[in-house]
Amino acid sequence: MLSNYVLNPPSQQVCPAYMILEYLGHETGQMLSDTFNTQRDNKTRRHRLFKGIARIMISLARLPQARIGSFQLNDNGTVTLTNRPLTCSMMILENEGAPMTIPRNDTIHCTDAFVSDMLTFHDHRFLSQPNAVNDESDCRTQMAVKTLLRVVAHNYIKRELRNGPFLLQHTDLHASNILVDKDWNVTGLIDLEWICALPAEKLAVPYWLTGCAIDDIEGEKLDQFDLVRREFMHIFEEEEQVTKMKAKATHNINLSRIMHDMWDSKGVWFWYCLSSVNAMYFLLEPHLLPPKSLPLETERTLSRFWCRESEDVVRKKLADKKAYDEELRRLFSE
């Protein structure tokens, strides 16, 4: 298994991108995903796993950062926090054609600005993707969702932390990037290039711990996830106290309190809307809005506030979809 650590070329110089690779053999461990679905109900293994993940999260967050961004390996061998906040989901969308809206080497000093920049990124992704909508109703729904996310954003930004400190977080922490032994003790972590300094409010219990996709955690599955979340948070709080006793605190942020606050306020779903590839369209209404508050007529009205020329955007996106479908039919006919 290859673990790639850096994928950011140095600043403005003309040179190819590069990666630093480390080989991890079977003696290090196996991917958690190999046994996760069959063993996740084993409480003993799950306890060891939660302890390992909690330690990783706490260890990363222990050293505060003054800016929101990601690390860059410079030509002189130094590593600096001088690159834009390059998350895994952002890179996936850019590789699929989304325009770069946050310039390279731009770090961000305020949570409000980060939220605005991320929503702008998703706006431009929507405009540039030729098959972004299925029909007019779908188009207006997506525009309404984007409008509402800007409206509710202030509810989930802690004023006392808006200017930092910001905390290192792994933005691609899933079961295939965690290595474990046969007893589910965590033995390794890969894809470290997706570590970013981000707002503390973004810390959350991994949504995949019950085996559900992010947009599938509703109703009974939400209750099941909350049980697992409570179990994880109990372990997280214990590990946080152990860390405080062993090492001198480098910031006064109570990580577990932030995570509880975001769950209680439902802010956790807002932050997933910003970071997921397509979760915002499935999370906003069931988790962040009052029940039945977004009927079709309301969506139509709200969509007009997304931008000044909203009707032109609807026409353009429908034309884009028609051209996209025609091109697909042409390619398959050949």
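Residues numbered from 1 in each chain as written. Predicted model: local features only at pLDDT ≥ 70, side-chain atom pairs only at ≥ 80, totals over all residues. Heavy atoms only, no water.

A. Local environment of the overall build of the protein chain. Counting its secondary structure elements, the protein chain contains eleven helices and nine strands. In summary, the protein chain has a C-alpha radius of gyration of 21 Å against a globular reference of 20 Å for 334 residues, a match within 12%. Among the 334 residues that make up the protein chain, the fraction classed as buried is 48%. In the protein chain, the proportion of contacts linking residues at least 24 apart, taken out of those at least 6 apart, comes to 69%. As presented, the protein chain carries roughly 17,000 Å² of accessible surface, and 53% of it is formed by carbon and sulfur atoms. Each charge class in the protein chain was averaged separately, 39 positive and 45 negative side chains, and the resulting centres sit 4 Å apart. (Helix = DSSP H or I, 4+ residues; strand = E, 2+ residues; numbered from the N terminus. Rg over C-alpha atoms; globule rule 2.2 N^0.38 Å. Buried < 20%, exposed > 50% of the residue type's maximum accessible area, 1.4 Å probe, protein only. Contact = heavy atoms within 4.5 Å. Areas by Shrake-Rupley, 256 points an atom, 1.4 Å probe, with all protein chains shown as cover. Lys, Arg positive; Asp, Glu negative; His and termini not counted. Charge placed at Lys NZ, Arg CZ, Asp CG, Glu CD.)

B. Inspection of the side chain of Arg46 at higher detail. Position of Arg46 among the secondary structure elements: in helix 2 (residues 43-61). On the basis of relative accessible area, Arg46 is assigned to the buried category, the value being 13%.

C. Looking closely at unusual backbone geometry. Residue Pro165 is bonded to the preceding Gly164 through a cis peptide linkage, with omega at 5 degrees. Here Pro165 lies in the loop between helix 5 (136-152) and strand 6 (167-170). Backbone geometry at Lys292 places phi at a positive 55 degrees, although glycine is not the residue there. The residue Lys292 is located in the loop between helix 9 (280-288) and helix 10 (296-303) in this model. Given a relative accessible area of 82%, Lys292 falls into the exposed group.

D. Quick peek at the pairing of strand 9 (residues 195-198). Covered by surrounding structure in strand 9 are Ile195 and Ala197 together with Cys196 and Leu198, the residues of both alternating faces. Note: strand 4 (residues 69-73) against strand 9, two bridges, orientation antiparallel. Its bridge partner lying in strand 9, Ser70 is registered against Cys196. Direction of pairing for strand 6 relative to strand 9: antiparallel, over a ladder of four bridges. Its bridge partner being in strand 9, His170 is matched across the sheet by Ile195. (Pairing = 2+ DSSP bridges.)

E. Representation of the sheet that holds strand 5 (residues 79-83) within the structure. Taken in spatial order, the four strands make up an open sheet running 5-4-9-6, and their pairing is antiparallel. Of all the strands in the sheet, just strand 5 and strand 6 have a single pairing partner and so form its edges. For this sheet, the mean inter-axis angle between neighbouring strands, taken without regard to orientation, is 45 degrees. (Axes fitted to C-alpha atoms, helices over the stretch in contact; angles between N-to-C directions.)

F. Representation of helix 7 (residues 255-264) within the structure. The element helix 7 is extensively covered by neighbouring structure, given that seven of its ten residues are classed as buried. For helix 7, the set of buried residues is Leu255, Ser256, Ile258, Met259, His260, Met262 and Trp263. The inward-facing, buried residues of helix 7 contact helix 2, strand 6, helix 6 (219-246) and helix 8 (267-275). Immediately beyond the C-terminal end of helix 7, within one or two residues, lies Lys266, with a positive phi of roughly 70 degrees.

G. View of empty space enclosed by the protein. Within this structure, the stated rule accounts for two cavities of 30 Å³ or more. Residue lining of the largest cavity: Leu203, Ala204, Val205, Phe225, Arg229, Met233, Met259, Met262, Trp263 and Val268, and that is the complete set. Broken down by secondary-structure element, the contributors of at least two residues to the lining of the largest cavity are helix 6 and helix 7. The calculated volume of the second largest cavity comes to roughly 40 Å³. Lining of the second largest cavity is provided by Thr87, Phe114, Met118, Leu198, Lys202, Leu274 and Ser275. (1 Å grid on protein atoms, 1.4 Å probe; cavity = no way out; pocket = protein on both sides within 12 Å on 5 of 7 lines; lining within 4 Å. Points joined across faces, edges and corners; volume = space filled by probe spheres on them.)

H. The pattern of salt bridges, seen in detail. Considering all chains together, one arrives at 22 salt bridges under this definition. Glu239 is the partner of Arg55 in a salt bridge, and the nearest nitrogen-oxygen pair spans 2.9 Å. One end of the pair, Arg55, is in helix 2; the other, Glu239, is in helix 6, and 184 residues separate them in sequence. Arg55 sits in the partly exposed class, given a relative accessible area of 47%. The salt bridge partner of Asp216 is Lys221, with a shortest N-O separation of 2.6 Å. (Salt bridge = Lys/Arg side-chain N within 4 Å of Asp/Glu carboxyl O.)

I. Up close: helix 9. Residues of helix 9 that are buried include every one of Met280, Leu283, Leu284, His287 and Leu288, and no others. Across the axial projection of helix 9, the buried residues extend over an arc of 110 degrees, all falling on one side. Residues of helix 9 that are buried in the fold lie against helix 4 (111-128), helix 5, helix 6 and helix 8. (Arc of directions from axis to C-beta.)

J. Focus on the packing of helix 5 against helix 11 (residues 310-333). Between helix 5 and helix 11, the shortest axis-to-axis distance is 10 Å and the interhelical angle comes to 130 degrees. Of the possible angle classes, the one that applies to helix 5 and helix 11 is oblique. The chirality of how helix 5 crosses helix 11 is right-handed. Residues Glu136, Cys139, Arg140 and Met143 of helix 5 form the contact with helix 11, whose participating residues are Ser310, Glu311, Val313, Val314, Lys317 and Leu318. Taken together, the residues that form the contact of helix 5 with helix 11 break down as five nonpolar, one polar and four charged. (Parallel < 35°, antiparallel > 145°, perpendicular 65-115°, else oblique. Left-handed = near helix turned anticlockwise from the far one by under 90°. Nonpolar A, V, L, I, M, F, W, Y, C, P; charged D, E, K, R; others polar.)

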